[in-house]
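# Examining the three-dimensional arrangement
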Amino acid sequence: MSEQVGRQGQAGEPGGPDAQAAPGSCPLAGAESPPELFTWEFAADPYPAYAWLRTHAPVHRTRLPSGVEAWLVTRYADARAALADPRLSKNPAHHDEPAHAKGKTGIPGERKAELMTHLLNIDPPDHTRLRRLVSKAFTPRRVAEFAPRVQELTDSLIDSFAARGSADLIHEFAFPLPIYAICELLGVPREDQDDFRDWAGMMIRHGGGPRGGVARSVKKMRAYLAELIHRKREDLGEESARDDLISGLIRASDHGEHLTENEVAAMAFILLFAGFETTVNLIGNGTYTLLRNPGRRAEFQRAVAEEDSALLASSVEELLRYDGPVELATWRFATRPLEIGGQRIASGDPVLVVLAAADRDPARFPAPDTLDLARTDNQHLGYGHGIHYCLGAPLARLEGQYALGTLLRRLPDLRLAAEPEELRWRGGLIMRGLRTLPVSFTPR
């Protein structure tokens, strides 16, 4: 899930094509002062700055573009420990200033829309209760059953532009695929899914849309969810009632689990929002990385042609590690004084675990700046760690594998239609993703 802090930047190249910089050879390695963060240049390629922080200031206090001060945790061992530390709460009530009420540490509009009671803002025991209820929708069996529908959606979207010879893969492919998939899992009728696509599009622009557009989209989505929950509750007694996630949450609230309507709506909201944006970026970043690394792209296409499921799976994991969709884990707040990486953290201080930095830590990953699709020891943190590990990770992995595999199988000569420096990365503190990804190919 992403937080709005107004950072945006032009895209650069996270590494050279096939021959990335060796660990520790970043141009900032010998600099004495901390690198400037959250600039356009940083957004294009944050990895040199993160390498400097890992070496010189692994737990670094900085002022974010929103004005909030927070600690950045950049080393793998510290990051993994922090993600599982119960002293770091997800509840913004533990913050020592009213930043959340001002929309500086959350999704604009979620408080006013009464959508705060979701998995990213709560701790056990409420987190345990809600996660148990919703986890049934993301079991390996349920995800595997959904695979044919993911393939249908993938092929349908490619059909829509394959004859044209060009496309913007973000807007025409990476964005709509997970939106339609998560809508179907939630039980949003197909005739309403384009509305969700519009609202979600506004929510991930991160400052690129009209002022207040995100909050208005959240309000519209909340009103729709209230009406949909009401309709589904009335239909539960009918034989035609669907076995979708929203209906399942309503059944739980009607059978002793004591879910409020706000909790049902908040759960649906965050699953939609968090469940699609990570996959948009996985598909977009993954495609961009493969196109910029022709040797690895050829290796991936051979795996697709030979149906090498092991290499396809490890390729998705490596793309998640190398330039993953989530740059920083969502907000945590110290409930009491503690120490991380030798640095004292005061009670109430916000802590942001930099997943992108941890996943390039040479102390954990040999040759971390090299894209190795066959990497086997790859316990990356791309989807977090601990009790807040991404619930939708199995579905995101499935969608990523189907999307990338089908795209490069059906459009084998796919190529970038813009120079890397012409591309732009979306603003936002938490997520990392391209605004557009123009490509060309032989019309088919």
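Residues numbered from 1 in each chain as written. Predicted model: local features only at pLDDT ≥ 70, side-chain atom pairs only at ≥ 80, totals over all residues. Heavy atoms only, no water.

## Description of the overall build of the protein
Quick note on the threshold: We count a stretch as a helix when DSSP gives it H or I for four or more residues in a row; a strand needs E for two or more, and each element gets its number in order from the N terminus. When accessible area is computed with a 1.4 Å probe and restricted to protein chains, residues below 20% of their type maximum are described as buried, those above 50% as exposed, and intermediate ones as partly exposed. In what follows, a contact means two residues having at least one pair of non-hydrogen atoms within 4.5 Å. Surface accessibility follows the Shrake-Rupley procedure with a 1.4 Å probe radius. Residue values consider only the protein chains on display as shielding.
Of regular secondary structure, the protein possesses 15 helices and twelve strands. Taken across its 444 residues, the protein has 59% of its residues classed as buried. Across the protein, every contact between residues at least 6 apart in sequence was considered, and the portion connecting residues at least 24 apart equals 74%. Working note: accessible area of the protein is about 17,600 Å², and carbon and sulfur atoms make up 50% of it.

## Quick look at the pairing of strand β2 (residues 59-63)
Applicable threshold: Paired strands are those between which DSSP finds at least two bridges.
Of the strand pairs in this sheet, β2 and strand β3 (residues 69-73) are connected by five bridges, and their pairing is antiparallel. Residue pairing for β3: valine 59 is matched across the bridge by valine 73. Once β2 ends, the chain turns through five residues before running back antiparallel as β3, passing glycine 67 with a positive phi of about 100°.

## Brief notes about the pattern of salt bridges
Counted only if it meets this: Whenever Lys or Arg places a side-chain nitrogen within 4 Å of a carboxyl oxygen from Asp or Glu, that contact is recorded as a salt bridge.
Applying the stated criterion to the full structure yields 23 salt bridges. Taking the shortest distance from any N to any O, the salt bridge between arginine 164 and glutamate 172 comes out at 2.7 Å. With a closest N to O distance of 2.9 Å, lysine 232 and aspartate 244 form a salt bridge. Here the residue lysine 232 occupies a position in helix α9 (residues 213-235), and aspartate 244 occupies one in the loop between α9 and α10 (245-253), the gap between them amounting to twelve residues. Here lysine 232 falls in the buried class, since its relative accessible area comes to 10%. One network of salt bridges, with partners in common, ties together Arg61, Arg63, Glu69 and Asp349.

## Remarks on the confidence of the model for the protein
Operational definition: Residue-level confidence of the predictor is summarised by pLDDT, bounded by 0 at the bottom and 100 at the top.
Averaged over every residue, the pLDDT of the protein is 83; the share at 70 or more is 81%. Scored below 50 in pLDDT, residues 1-27 shows 111 contacts in the model against residues more than four places distant or in partner chains.

## Some remarks on unusual backbone geometry
A positive phi is found at phenylalanine 38, a non-glycine position, where the angle reads about 65°. Since its relative accessible area comes to 13%, phenylalanine 38 is described here as buried. Positive phi, close to 55°, is recorded for glutamate 307, a residue that is not glycine. Position of glutamate 307 relative to the elements: it lies in the loop between α12 (294-305) and α13 (309-323).

## Here we look at the sheet that holds strand β5 (residues 166-168)
Ordered by their spatial adjacency, three strands build an open sheet running β5-β12-β10, and the pairing between neighbours is antiparallel. Both edges of this open sheet fall to β5 and β10 (415-416), since each of them pairs with a single strand only. Across two bridges, the pairing between β10 and strand β12 (residues 438-440) is antiparallel. Bridge pairing in β12 places arginine 415 opposite serine 440.

## Observations concerning the nonpolar core
Heads up, the rule is: Residues grouped as a nonpolar core are buried Ala, Val, Leu, Ile, Met, Phe, Trp, Tyr and Cys residues, joined through side-chain atoms within 4.5 Å.
Ranked by size, the top nonpolar core spans 83 residues in total, and within it Phe138, Phe161, Phe173, Leu186, Phe196, Ile246 and Leu414 carry the most contacts. The biggest single contributor to this core is helix α11 (residues 261-292), with 14 residues. Ignoring anything within four residues of it in the chain, the contact list for phenylalanine 161 reads Ser166, Ala167, Leu169, Glu172, Phe173, Leu407, Leu411 and Phe441.

## Some words on the pairing of strand β9 (residues 350-353)
Residue alternation in β9 divides its side chains into two sets, Pro350 and Leu352 and Val351 and Val353, and both sets are buried. The pairing of strand β6 (residues 332-334) with β9 spans two bridges and is antiparallel. Opposite phenylalanine 333, over in β9, you have proline 350 as the bridge partner.

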